[in-house]
Amino acid sequence: MITLAYILLGISLVLVTGRLLVGPSLSDRVVALDMLSFIAVGVIAVYTIATGSAVMLDAALVLALVAFLGTVAFARFVERNPSLLGSAETVESKATPASASAERVPAASSEG
Amino acid sequence: MSILVSACLLIGGGFVLVAAIGLVRLPDLLMRMHAATKAGTLGAGLLLAAVAFSVPGDGVAVKAVATIVFLLLTAPIASHVIARSAYYAGDIKLWDKTHLDELAEAIGSGEQDSAHRAAMNQGNPPRSSARASRVDPPGTNDAVPADA
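Residues numbered from 1 in each chain as written. Chains lettered and ligands numbered in written order. Predicted model: local features only at pLDDT ≥ 70, side-chain atom pairs only at ≥ 80, totals over all residues. Heavy atoms only, no water.

1. Some remarks on the overall build of chain B
No. 1: Each helix and strand counted, chain B has 6 helices and 0 strands in total.
No. 2: Counted from the first residue to the last, chain B has its helices and strands arranged as α-α-α-α-α-α.
No. 3: Residues classed as buried in chain B amount to 45% of the 148 residues present.
No. 4: If you take every contact in chain B between residues at least 6 apart in sequence, the share linking residues at least 24 apart comes to 57%.
No. 5: Accessible surface, chain B: about 7,500 Å² in total, of which carbon and sulfur atoms supply 64%. (Helix = DSSP H or I, 4+ residues; strand = E, 2+ residues; numbered from the N terminus. Buried < 20%, exposed > 50% of the residue type's maximum accessible area, 1.4 Å probe, protein only. Contact = heavy atoms within 4.5 Å. Areas by Shrake-Rupley, 256 points an atom, 1.4 Å probe, with all protein chains shown as cover.)

Below is the structure:
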C-alpha cells in the first residue's frame, strides 16, 4: 500500500513537473508549483507512515506555509507590475521595459 | 496496517493523481487551478489523515491535523489570489467554449481581449455543453452581442 501510494505520487509528480515546464503562462507555472508543494506534503505523509518517525511532519507544515507565502507574494508582485508576465497577446500599453519596471515597483502600486 | 489507513492512502494518492492529470489536461488556467486546488487539497489532506490515524506518538496527530487545517485554510486563498492577479494582469486566455465572463462585463469595457470575447460571442456556441446552466440570466446574455 505504501508502495502504491508512492507510485501514485510519483506519477503525479512527473505530470505536474511537465506542466511546470510547459505551462504557457507564468501563472500556470505558479499553480504547478503550488501543486508540487501539495505532492511534497503527500510524500512526506507517506514517508512518515512508512518509517513511523514523525520528524518530517514539521517539514510538511513549513512546506505548506512557504508554498502559500510564495504564491501570495507572486500574486501581489504580478498585480503590481503586470508587464512581467509577458503573455504574447495581451501585452499592451502598460508593458514597460524590464529595466524601468524594476524601479517602478514602489511607485506603481495601484491599490496602495 | 488497518483498513482505514490503507483506504486513506489510496484515496489520497488517487486524488493527487487526479489533480495532476487535471493540471495537465484541462484547457484553461482557471480550470487547471480548480483541479489543483480542490483535488490536490483533498488528496494531501487524506494522506495526512492517514498519518494521523496510523503513526503513534505525542503530537503526531496534532501536527497532521494542524497541517490539514492549514492546507484547507490557505489553498482557496492562494488560488483566489492567483486567479485575481492573472485576470487583472491579462494573463488569462479563456477557453474557446467559455460562455460567460461576468467579471469582464462587470469591469466594463473589457478592453484587454475584447476581440477574443467578441469572436467568442458571435460564434454562438451550443447551449447543450456542460456550462450551459450558467448561461441562464437572460439580460446579460442578450446584452453582450448588442455591444460586442
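2. So, the confidence of the model for chain A
Low-confidence regions, as indicated by low pLDDT, have predicted coordinates that should not be scrutinised in detail.
All names here are of chain A.
No. 1: Taken residue by residue, chain A gives an average pLDDT of 78. The fraction at 70 or more is 73%.
No. 2: When pLDDT is averaged over each element of chain A, helix α1 (residues 2–22) comes out on top at 92 and helix α4 (residues 98–103) at the bottom at 41.
No. 3: A low-confidence stretch, residues 87–112 stays under pLDDT 50, and its non-local contacts, those more than four residues away or across chains, total 23 contacts. (pLDDT = per-residue confidence, 0-100.)

3. Here's the deal with the packing of helix α2 (residues 26–51) of chain A against helix α2 (residues 29–54) of chain B
Working note: a packed helix pair is described by the angle between its axes plus the distance between those axes.
No. 1: It is the contact of α2(A) with α2(B), at a shortest axis distance of 9 Å, that shows an interaxial angle of 15°. By the criterion of interaxial angle, the relationship of α2(A) to α2(B) is roughly parallel. Both α2(A) and α2(B) take part in a crossing whose hand is left-handed.
No. 2: Residue classes in the contact of α2(A) with α2(B) are distributed as 15 nonpolar, 7 polar and 2 charged. (Axes fitted to C-alpha atoms, helices over the stretch in contact; angles between N-to-C directions. Parallel < 35°, antiparallel > 145°, perpendicular 65-115°, else oblique. Left-handed = near helix turned anticlockwise from the far one by under 90°. Nonpolar A, V, L, I, M, F, W, Y, C, P; charged D, E, K, R; others polar.)

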